[in-house]
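As a plain string of letters, each chain reads:
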Protein chains: 2
Amino acid sequence: MVVQAGRCFIQEGAPAHDFYVLTGGRAKLFSLMPDGRRQIVGFAEVGDFLGLASSESYAFTAEALGEVTLCRFPHSAIDRLVERFPRLHGRLQQEASSELVKMQARLMLLGRKTARERLASFLVEQASPCCAHALKDEHGPLTLPLPMSRTDIADYLGLTIETVSRTFSLFRKEGLISIRGASSVTLLSPGLLSDMAGGIKRS
Amino acid sequence: MVVQAGRCFIQEGAPAHDFYVLTGGRAKLFSLMPDGRRQIVGFAEVGDFLGLASSESYAFTAEALGEVTLCRFPHSAIDRLVERFPRLHGRLQQEASSELVKMQARLMLLGRKTARERLASFLVEQASPCCAHALKDEHGPLTLPLPMSRTDIADYLGLTIETVSRTFSLFRKEGLISIRGASSVTLLSPGLLSDMAGGIKRS
DNA sequence: CGCTCGTTTGATTACGGTCAATCCGCGTGG
DNA sequence: CCACGCGGATTGACCGTAATCAAACGAGCG
């Protein structure tokens with residue numbers, strides 16, 4: 001399947017017949033409340049499995065960020081697939097595991113962290129796929145793209161766009177980051193940001 | 001294994017050698033930040049699997065609420081166990097699935113809901129194991145025990161004890177609940193509470 | 001050039017947090 | 001049996017962070 005930018009290919013609450021493997025592009029996953037409040041529960045990348053949670057209906061809506069390509073399988077086909085590709089079994093297990101661990105970190109973020117800590121956590125998380133270890137070491141500036149809008153960041157962190165924007169500006173004034181056009185950030189002190197993300201305030 | 005009340009049998013950050021099946025009692029699962037902020041990521045009941053997320057180290061601490069009995073298995077034994085008990089496979093899958101769905105609801109709760117909505121959600125969640133369907137129907141009062149302390153409720157909902165207590169009092173004044181000694185609540189209008197939990201405000 | 005939409009900035013509000021003072025249930029010991 | 005004390009829960013006064021409302025800014029595009 002190919003899905004155009006901005007289109008939803010999974011609808012929250014719809015009967016969950018199929019699951020998907022994302023083979024190209026990125027997607028945002030979110031739930032809505034009746035009055036429009038939105039919480040982004042995650043971003044999906046190439047290789048991710050979606051809609052595995054085989055309850056009656058999907059727990060979130062999935063919307064393409066840019067163009068997205070997918071493989072769709074009916075839930076009933078899982079067993080056959082696993083039979084044909086035995087390594088898939090471990091893969092599924094592992095996927096679910098790591099997703100759960102991420103979720104637990106997200107609960108701490110949303111339940112207990114301040115706006116500054118949330119944004120710092122977000123930046124570190126965005127950076128980690130690039131350079132996993134370079135963060136603790138006090139090593140140098142590290143530029144990363146922010147493919148998502150401020151609104152998406154806000155809905156991911158449980159904040160408002162205004163607070164996200166303000167906090168970015170604060171970080172800039174404090175010399176922690178530098179901003180190039182709202183969709184590209186350079187971390188000037190990854191170590192400090194990483195500490196802040198963990199709730200440690202260095203003098 | 002038997003664990004006494006208040007003892008921790010899984011330590012956040014410790015190397016994750018084993019996983020556990022809870023065979024008696026209840027436990028609370030939480031993470032801590034360096035300054036002591038706490039987030040309860042869940043309560044475990046009889047039959048639940050703990051420490052399955054097989055990353056390097058445990059993502060949370062598990063503390064017994066009352067006396068707890070467990071079976072412990074080394075992670076390396078999973079494959080052998082699944083081989084001997086084929087039905088376990090589906091069970092594990094299902095467990096991970098439903099846990100993920102619950103987590104996504106928790107993200108919405110912590111990221112977007114107000115204090116009133118959080119407490120209403122909590123009460124409905126506590127009630128649902130008892131009477132799953134009786135909630136939507138406007139049916140009558142429904143008494144339930146609250147085995148955990150106010151502090152635990154607060155850390156579960158991302159609030160403070162004061163806010164939890166105040167909100168309980170508000171609900172009482174509004175005739176939504178009635179309280180018997182801090183560890184037993186009666187839902188007088190389950191329907192209204194359920195709506196509030198979902199973010200619907202009836203006139 | 002001017003419009004639109006997303007972002008930034010500013011002013012004010014409000015919800016929930018903090019600090020502090022009771023209150024209450026319960027177990028203990030006189 | 002009751003006085004006492006302890007810890008958890010409730011209530012109150014006040015504060016602070018992030019939300020809300022509103023305006024200005026700026027990049028991209030017709």
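Residues numbered from 1 in each chain as written. Chains lettered and ligands numbered in written order. Predicted model: local features only at pLDDT ≥ 70, side-chain atom pairs only at ≥ 80, totals over all residues. Heavy atoms only, no water.

It is worth spelling out the sheet that holds strand β9 (residues 184-187) of chain A at this point. Residue and element names in this part refer to chain A. Pairing in this open sheet of three strands is antiparallel, and the strands run β7-β9-β8 from one edge to the other. For this open sheet the edge positions go to β7 (142-145) and β8 (177-179), each flanked by a neighbour on one side alone. Neighbouring strand axes in the sheet, compared pairwise and without regard to direction, differ in orientation by 20° on average. Alignment of β7 against β9, held across four bridges, turns out to be antiparallel. Its bridge partner being in β9, leucine 142 is matched across the sheet by leucine 187. In this fold helix α5 (residues 161-173) packs onto β8 and β9, with an angle of close to 120° to the strand it touches most, β8. (Pairing = 2+ DSSP bridges. Helix = DSSP H or I, 4+ residues; strand = E, 2+ residues; numbered from the N terminus. Axes fitted to C-alpha atoms, helices over the stretch in contact; angles between N-to-C directions. Contact = heavy atoms within 4.5 Å.)

The next thing to look at is helix α3 (residues 115-127) of chain B. All names here are of chain B. For α3, with 13 residues, the first-to-last C-alpha span of 18 Å sits near the 18 Å given by 1.5 Å per residue. Counting buried positions over the 13 residues of α3 gives ten, a clear majority of the element. For α3, the complete set of buried residues consists of Glu117, Arg118, Leu119, Ala120, Ser121, Phe122, Leu123, Val124, Gln126 and Ala127. (Expected span 1.5 Å × (residues − 1). Buried < 20%, exposed > 50% of the residue type's maximum accessible area, 1.4 Å probe, protein only.)

Glancing now at the sheet that holds strand β7 (residues 142-145) of chain B. Backbone hydrogen bonds hold the strands of a sheet together, and the pairing may be parallel or antiparallel. Residues and elements named next belong to chain B. Strands sit in the order β7-β9-β8 across an open sheet of three strands; the sheet is antiparallel. Looking at which strands have only one partner, the edges of the open sheet turn out to be β7 and β8 (177-179). Looking at each pair of strands side by side, their axes are set apart by 20° on average, direction ignored. Relative to strand β9 (residues 184-187), β8 runs antiparallel, the two being bridged by three bridges. By the bridge assignment, isoleucine 177 is partnered in β9 with leucine 187. Relative to the sheet, α3 contacts β7, β8 and β9, its axis offset from that of β7 by approximately 90°.

Residues and elements named next belong to chain A. Orientation of helix α3 (residues 115-127) relative to helix α4 (residues 150-157), taken along the N-to-C sense of each, is 110°, at an axis distance of 10 Å. With respect to their mutual orientation, α3 and α4 come out roughly perpendicular. Where α3 crosses over α4, the two elements pack in a sense that is right-handed. Contacts from Arg118, Leu119, Phe122 and Glu125 of α3 reach α4 at Ile153, Tyr156 and Leu157. Partitioning the contact of α3 with α4 into residue classes produces five nonpolar, no polar and two charged. (Parallel < 35°, antiparallel > 145°, perpendicular 65-115°, else oblique. Left-handed = near helix turned anticlockwise from the far one by under 90°. Nonpolar A, V, L, I, M, F, W, Y, C, P; charged D, E, K, R; others polar.)

Every one of the 15 residues lining DNA strand D counts as a neighbour, but Ala115(A), Thr163(A), Arg166(A), Arg150(B) and Ser169(B) are closest to it. Expressed as a percentage, the sugar and phosphate content of the atoms of DNA strand D within 4 Å of the protein is 67%. Contacts to DNA strand D include Arg166(A), whose side-chain N or O atom sits 2.8 Å from a base oxygen. The contact in question runs from a phosphate oxygen of DNA strand D to an N or O atom on the side chain of Arg150(B), over 2.7 Å. Elements with a contribution of two residues or more to the surface near DNA strand D: α5 of chain A together with α5 (161-173) of chain B. A class-by-class count of the residues in the surface near DNA strand D yields two nonpolar, seven polar and six charged. (Near = heavy atom within 4 Å. Polar contact = N/O pair within 3.5 Å; in protein donor to acceptor, adjacent residues only side chain to side chain.)

Right, let's get into the relation of the copies chain A and chain B. Once chain A is rotated about the relating axis by 180° and shifted along it by 0.0 Å, it coincides with chain B to within an RMSD of 0.1 Å. Such values leave the two copies arranged in the relation of a two-fold axis. It is Leu110(A) whose C-alpha, among those of chain A, lies nearest the rotation axis, at 2.7 Å. With an isologous cut-off of 70% or more, the 100% of interface residues of chain A that recur at the interface of chain B puts this contact in the isologous class. (Least-squares fit on C-alpha atoms with pLDDT ≥ 70 in both.)

Moving on, we come to the confidence of the model for chain A. Taken residue by residue, chain A gives an average pLDDT of 91. The fraction at 70 or more is 94%. Taken element by element, chain A is modelled with least confidence in helix α1 (residues 78-84) of chain A, mean pLDDT 85, and with most confidence in α4(A), mean pLDDT 98. (pLDDT = per-residue confidence, 0-100.)

Residue and element names in this part refer to chain A. Phi at alanine 182 takes a positive value of approximately 70°, unusual for a residue other than glycine. Here alanine 182 is to be found in the loop between β8 and β9. Residue classification places alanine 182 among the partly exposed positions, given a relative accessible area of 41%.

Sequence positions flagged by UniProt for "domain: Cyclic nucleotide-binding" (unreviewed entry) are, in local numbering, residues 1-51 of chain A. Counting secondary structure, residues 1-51 of chain A comes out at 0% helix and 57% strand; the distance between its end C-alpha atoms is 15 Å. (UniProt positions renumbered as here; feature names shortened; annotations may be inferred.)

All names here are of chain A. For strand β3 (residues 18-32), the tally of buried residues reaches twelve of 15 residues, placing the bulk of the element in the interior. With eleven bridges connecting them, β3 and strand β6 (residues 61-74) associate as antiparallel partners. Across the sheet, the residue bridging to lysine 28 is glutamate 63, located in β6. Here two bridges tie β3 to strand β5 (residues 49-50), and the two strands are oriented antiparallel to one another. Opposite valine 21, over in β5, you have phenylalanine 49 as the bridge partner. Two elements, β3 and strand β4 (residues 38-44), share six bridges in a ladder whose sense is antiparallel. Considered in β4, the bridge of phenylalanine 30 is made with isoleucine 40.

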